[in-house]
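A look at the structure
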Amino acid sequence: MADKPDPSSPADGPEPLFSFGVIADIQYADLEDGYNFQRSRRRYYRHSLVHLQGAIEDWNKESSMPCCVLQLGDIIDGYNAQYKVSEKSLELVMNTFQMLKVPVHHTWGNHEFYNFSRDYLANSKLNSKFLEDQIPQHPETTPSENYYAYHFVPFPKFRFILLDSYDLSVLGIDQFSPKYEQCMKILREHNPNVELNSPQGLSEPQYVQFNGGFSQEQLNWLNEVLTFSDANQEKVVIAIFPFTQRPLTACAWLGTTWTLCQSYGLTSVWCASLRVIHMMVATLRILSACTTSTWKELLKQLRTARPLAQFMSTLTKCC
């Protein structure tokens, strides 16, 4: 712990054990401002880089540096593929991240797959698996190469897990591959619409082409990691591309993110998946270990999809 109290922590609370940064939906493109798909909100493609630079400057200036930053996906916008500048835009954003003094852990979202194939991403700077922490003498917790997931320990008794929410998806893979056929079959069984990105008339509106899901293989791996963490009384943070229950179109296939989290009887799990309308930037301070009751209260608060400021307030109170 730091010798001096952190001025940003509650005055009557304990000093933070550690902090980590969270950023999502940068969606950079060298384009003039536009609108989202529903044309209900303005999009600031080029200006998003300014926000990223500002976030990095703030993180670098904090008196107690975050241990790492979680980048939750959609790092560049899908428009880059249309203008054939995907690699150039990614390089620009990644060069900006080099200004950050702490490691960055990347997850992949649908915009990654609009721009690149899964094979490309696996060999790109967006593959941060080299930052993983191996659990000694537990080879079953080593993830397969069939999906992009790993875990690490930024602070004793706290384990972070990054999941691949497009493990099952028709995006980013060869259209003649068996996996593409498998995923298309799943999608078609739940979505008869001609336009597969449309949730119109669906009882399970998450079954749209821009979403994805988790293979049983990845879920088995996650179970092994969570079982290990539970046995060793670790607290767990799951970092995942933003899927939430509201709106339902933003849920993963084969269930939801919350169902995934609730499947395990852990003392505490915090999910760093937050649905945001604009780019989300935050630093979360871990103050202490949550009890089972406070974890349930936190999950209850998270389900309401409240604004980020209220979420951070809830996290502080629960922990």
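For the structure given in this document, a descriptive report is provided here. (Residues numbered from 1 in each chain as written. Predicted model: local features only at pLDDT ≥ 70, side-chain atom pairs only at ≥ 80, totals over all residues. Heavy atoms only, no water.)

**Quick word on the overall build of the chain**
Along the backbone of the chain there are 10 helices and 10 strands. Within the chain, buried positions represent 53% of all 319 residues. Residue pairs at least 24 apart in sequence account for 69% of intrachain contacts in the chain once pairs closer than 6 positions are excluded. Accessible surface computed for the chain: about 15,400 Å², of which carbon and sulfur atoms make up 52%. (Helix = DSSP H or I, 4+ residues; strand = E, 2+ residues; numbered from the N terminus. Buried < 20%, exposed > 50% of the residue type's maximum accessible area, 1.4 Å probe, protein only. Contact = heavy atoms within 4.5 Å. Areas by Shrake-Rupley, 256 points an atom, 1.4 Å probe, with all protein chains shown as cover.)

**Quick word on the pairing of strand β1 (residues 18–24)**
In terms of residue burial, β1 counts as a mostly covered element, since 7 of its 7 residues are buried. Here β1 shows no split at all, with Phe18, Phe20, Val22 and Ala24 on one side and Ser19, Gly21 and Ile23 on the other all buried. Two elements, β1 and strand β4 (residues 69–71), share 3 bridges in a ladder whose sense is parallel. Paired with Ile23 across the strands is Gln71, a residue of β4. (Pairing = 2+ DSSP bridges.)

**Side note on the state of the cysteines**
For the coordinates displayed, the defined rule picks out 0 disulfides. Its sulfur unpaired, Cys68 is 3.7 Å from the next cysteine sulfur, which belongs to Cys67. (Disulfide = S-S within 2.5 Å.)

**A look at the environment of Ile75**
Here Ile75 lies in the loop between β4 and α2 (79–82). A relative accessible area of 1% means that Ile75 is categorised as buried. Residues Ile75 and Thr107 lie 32 residues apart in sequence; the distance between their C-alpha atoms is 9.3 Å.

**What to know about the nonpolar core**
Within the largest apolar cluster, 52 residues are counted, with the highest numbers of intra-cluster contacts made by Phe20, Ile23, Leu52, Ile75, Val93, Phe97 and Leu100. Secondary structure elements with two or more residues in this core: β1, α1 (48–61), β4, α3 (86–97), β6 (150–155), β7 (158–162), α6 (178–190) and β8 (235–239). Formed by 13 residues, the second largest nonpolar core is a distinct cluster that contains Phe214, Trp221, Val225 and Val236. (Core = buried A, V, L, I, M, F, W, Y, C linked by side-chain atoms within 4.5 Å.)

**Quick notes on the layout of surface pockets**
Counted as a void, the second largest pocket has a volume near 300 Å³. What lines the second largest pocket is a set of 15 residues, among which Arg118, Asp119, Ala122, Glu145 and Asn146 lie closest to the centre. Of the residues in the lining of the second largest pocket, the class split is 5 nonpolar, 4 polar and 6 charged. (1 Å grid on protein atoms, 1.4 Å probe; cavity = no way out; pocket = protein on both sides within 12 Å on 5 of 7 lines; lining within 4 Å. Points joined across faces, edges and corners; volume = space filled by probe spheres on them. Nonpolar A, V, L, I, M, F, W, Y, C, P; charged D, E, K, R; others polar.)

**Regarding the packing of α1 against α3**
Running from amino to carboxyl end, α1 crosses α3 at an angle of 20°, the nearest separation of the two axes being 10 Å. Taken together, the axes of α1 and α3 lie roughly parallel to each other. Read as a crossing pair, α1 and α3 show a hand that is right-handed. Of the residues in α3, those touching α1 at Leu49, Leu52, Gln53 and Ile56 are Leu92, Val93, Thr96 and Phe97. Of the residues belonging to the contact of α1 with α3, the class tally is 6 nonpolar, 2 polar and no charged. (Axes fitted to C-alpha atoms, helices over the stretch in contact; angles between N-to-C directions. Parallel < 35°, antiparallel > 145°, perpendicular 65-115°, else oblique. Left-handed = near helix turned anticlockwise from the far one by under 90°.)

**A short note on α3**
If you check α3, its first and last C-alpha atoms are 17 Å apart, about what 12 residues at 1.5 Å a residue would give, namely 16 Å. Within α3, burial applies to Ser86, Ser89, Leu90, Val93, Met94, Thr96 and Phe97. Down the axis, α3 shows its buried residues gathered within 155° of arc, on one side only. Seen from the buried face of α3, the exposed residues on the opposite side, beyond 90 degrees, are Glu87 and Lys88. In this fold, the buried residues of α3 make contact with β1, α1, β4, α2, β5 (104–106) and α4 (110–115). (Expected span 1.5 Å × (residues − 1). Arc of directions from axis to C-beta.)

**A short note on the pairing of β8**
Successive residues of a regular strand alternate their side chains across the two faces of the sheet. Of all 5 residues in β8, 5 are buried, a share of seventy percent or more. Of the two faces of β8, the one holding Lys235, Val237 and Ala239 and the one holding Val236 and Ile238 are both buried throughout. Where β7 and β8 come together, 5 bridges link them in parallel fashion. What sits directly across from Phe160, in β8, is Val237.

**Description of the pattern of salt bridges**
For the structure on display, the rule yields 10 salt bridges. Residue Arg159 is joined to Asp133 by a salt bridge in which the shortest nitrogen-to-oxygen separation is 3.3 Å. Within this pair, whereas Arg159 is found in strand β7, its partner Asp133 is found in the loop between α5 (118–122) and β6, the two being separated by 26 residues in sequence. According to the relative accessible area criterion, Arg159 is buried, its value standing at 4%. (Salt bridge = Lys/Arg side-chain N within 4 Å of Asp/Glu carboxyl O.)

Any functional reading would require information beyond the geometric quantities listed.
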